[in-house]
Amino acid sequence: MSQSIRADFPILDRQAHGEPLVYLDSAATTQKPQAVIDAVSGYYETMNANVHRAAHALADEATQAFEAAREKVRAFINAPTREQVIFTRGTTESINLVANALSQRLSPGDEILITRLEHHSNIVPWQMLAQRSGATLVACDITDNGDIDLEDFARRLNDKTRVVAINHVSNALGTVNPVETLIGQAHAVGAVVLIDGAQASAHLPLDMVSLDCDFYAFSSHKMFGPTGIGVLYGKRDLLEALPPWQGGGEMIEHVTMEHTTYNVLPYKFEAGTPNISGAVGLGAAVDYLTSIPQADLVAQEDRLVQLAVSELKQMPGVRLVGEPERRLSVISFLVDGAHPNDIGTLMDRQGIAVRTGHHCTMPLMERLGTPGTVRASFSLYNSQDDVDRFVAGIRKAQSFV
Amino acid sequence: MTEGITELDAIRESFEFFDAWEDKYRFVIDLGKDLPSLPDHQRVEDNLVRGCQSQVWLVVGDGPDGSLQLSIDSDAHIVRGLIAIVLAAFDGRTPEDILGFDIEALFAELDLLSHLSQTRGNGLRAMVARIRSVAEARLASSDRG
């Protein structure tokens, strides 16, 4: 299974510093299968035109391909309608869109509840919303293992809480959060819930109907699609009620010098020419992901991650950072006597790509008492050999310091 | 010939003997281990050059004859070694010498240029920029004087 999947990703054949590449940075961005690369170049080779505008053959084909991609995403996340799938630049823009559109709905005394586990992209837009609206940003604590402290979450949730924003899976520790429970609790106090799904969409089946969140944000490039495109899913009544964020072409129905009436969903939130080739590539990525039996995908990845975790636990001088109840794809660790940057550099020289630093989660690193970690993140194309080289690579790096 | 030139020449000469990356990085880490640490009272926010992955602390003082005396430290071993190379080029030099020295060319020659690049985010690039801007400021004020 994994051998055939690996062959779908041409970049994995290359070397880094003269060694066969071991790519363990998929939480930063995944590699792209040939099918996605072909879809993007095929779009430019055969049908490039602007969408929803001109009445000619290319524009019709481009529009059809663009809207077909939207339908693929809709089916992939089980959203009720295609109008609820808004194309953005990525998770960050999706969150900023919601934070901006909610500006008029919040006032001093209201609270926005996030957690210590969030990526900066699910902190800073809410800080900015708090500054604009006078609302207060509240952060729920985590346990030392790296799980959301559920008691603290329940304590901080109250009838002043207007917005709750939580990640589905932590990019720094791999924690899978019990979002179903948290969404239910947040709705009980009348809060609107946004889930940052950047680290989930390549790994977990997504079902917007059963999840019942108000907004869900994710990025194409972390699920085998191109960079520069992502998705905001939203509940229909909320999307209808919220004002547009950016103004421009595409999002309008009628414009005079005095007044503009806005286009219908989803176009109301898609000002300007969209990333058409990106959407087509994302559609191909969704096709690719859904062609792999979900059970195979999860089992293979989980087996490798668990194997790597148990190897690391046995290594003297290696300390795991975060041991969440349920872990997905990501392992963060430290090596005694070495800075994460040293380990990352020495792994890189061996052809092993890991990420080092604070992983855009500085408040989380502060809570854990470390300036950063070394992070290995796995995807469906990783192999047993990658785990072996990863473990051997850490041993070798240890011998330097 | 000042001591700095000798030190830099010694580093250059050592690098010529390294065939394997392992030897080179062991040498860089050893350079870092020999680098004196900054005392705690100087490892403070004011002296911090923030990197995304590691941090650098930089203190610029005045040496004899208008030269700059540099004390630099980092929390990462390899970065400390790279700092030792930067110090060999810059420490105890006049602002003119510092601004006239092509540090990128030196790192390219030692095949370490990627460590000075933006993506590394190790604070080195920002540190070099800060040393140069101090040198420029000193030069400007001595011109006025």
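Keep in mind it's a predicted model, so treat the numbers as computed, not measured. (Residues numbered from 1 in each chain as written. Chains lettered and ligands numbered in written order. Predicted model: local features only at pLDDT ≥ 70, side-chain atom pairs only at ≥ 80, totals over all residues.)

Draft legend 1. A look at the sheet that holds strand 16 (residues 355-357) of chain A. Residue and element names in this part refer to chain A. Reading across from one edge, 13-14-17-16 is the order of the 4 strands in this open sheet, with antiparallel pairing throughout. Whereas interior strands pair on both sides, the edge strands pair on one side only; in this sheet they are strand 13 (318-320) and strand 16. When the angles between neighbouring strand axes are averaged without regard to direction, this sheet yields 30°. In this structure, strand 16 lies alongside strand 17 (residues 373-377), joined through 3 bridges in antiparallel fashion. Looking across to strand 17, one finds that Gly 357 is bridged to Thr 373. Each of strand 13, strand 14 (330-335) and strand 17 is contacted by helix 11 (residues 294-314), which is oriented at about 15° to strand 14, the strand it contacts most. (Pairing = 2+ DSSP bridges. Helix = DSSP H or I, 4+ residues; strand = E, 2+ residues; numbered from the N terminus. Axes fitted to C-alpha atoms, helices over the stretch in contact; angles between N-to-C directions. Contact = placed C-beta atoms within 7 Å.)

Draft legend 2. Spatial organisation of the packing of helix 12 (residues 340-348) of chain A against helix 3 (residues 77-90) of chain B. It is at 7 Å that the axes of helix 12 of chain A and helix 3 of chain B come closest, and there the two elements cross at 85°. As far as their axial angle goes, helix 3 of chain B and helix 12 of chain A are roughly perpendicular. In this structure, helix 12 of chain A uses Asn341(A), Asp342(A) and Thr345(A) to contact helix 3 of chain B, whose residues at the interface are His77(B), Ile78(B) and Val79(B). Across the contact of helix 12 of chain A with helix 3 of chain B, the residue classes break down as 2 nonpolar, 3 polar and 1 charged. (Parallel < 35°, antiparallel > 145°, perpendicular 65-115°, else oblique. Nonpolar A, V, L, I, M, F, W, Y, C, P; charged D, E, K, R; others polar.)

Draft legend 3. Spatial organisation of the domain arrangement of chain A. Residue and element names in this part refer to chain A. Partitioning chain A into structural domains gives domain 1 (37-290) and domain 2 (293-398). In this structure, domain 1 and domain 2 have C-alpha centres spaced 28 Å apart. Residues belonging to the side of domain 1 that touches domain 2 are distributed by class as follows: 9 nonpolar, 8 polar and 2 charged. (Domains from an automatic or database assignment.)

Draft legend 4. Expanded view of the sheet that holds strand 1 (residues 48-49) of chain B. All names here are of chain B. Overall, antiparallel pairing links the 3 strands, which are arranged 1-2-3 in an open sheet. At either margin of the open sheet sits one strand with a lone partner, and together these are strand 1 and strand 3 (68-74). Note that strand 1 and strand 2 (residues 56-62) share 2 bridges and pair antiparallel. Across the sheet, Leu 48 pairs through a bridge with Trp 57, a residue of strand 2.

Draft legend 5. Main features of the environment of Leu124(B). Residue and element names in this part refer to chain B. As for its position among the elements, Leu 124 is in helix 6 (residues 124-144). Residue classification places Leu 124 among the buried residues on the basis of 26 C-beta atoms within 10 Å. Considered as a pair, Leu 124 and Leu 106 are 18 residues apart in the sequence and their alpha carbons are 14 Å apart. If we skip the residues at most four places from it in the chain, Leu 124 touches Val 56, Val 79, Leu 82, His 115 and Leu 116. (Buried ≥ 20, exposed ≤ 12 C-beta atoms within 10 Å, placed from the backbone.)

Draft legend 6. Representation of the interface of chain A and chain B. Taken together, the 14 residues of chain A in the interface contact 14 residues of chain B. Put simply, the parts of the chain that give the side of chain A that touches chain B at least two residues each are helix 12 and strand 16 of chain A. Of the residues belonging to the side of chain A that touches chain B, the class tally is 6 nonpolar, 6 polar and 2 charged.

Draft legend 7. Geometry of helix 6 of chain B. Residues and elements named next belong to chain B. Taking 1.5 Å of rise per residue, 21 residues should cover 30 Å, and helix 6 covers 30 Å from first to last C-alpha, within 8% of that figure. Three or more residues of helix 6 are buried, namely Leu 124, Arg 125, Met 127, Val 128, Ile 131, Ala 135 and Arg 138. One side of helix 6 holds all its buried residues, which, seen down the axis, span an arc of 165°. Away from its buried face by more than 90 degrees, helix 6 exposes Ala 129, Ser 133, Ala 137, Ala 140, Ser 141, Asp 143 and Arg 144. Summarising the contacts, the buried residues of helix 6 are in contact with strand 1, strand 2, strand 3, helix 3, helix 4 (95-100) and helix 5 (103-109). (Expected span 1.5 Å × (residues − 1). Arc of directions from axis to C-beta.)

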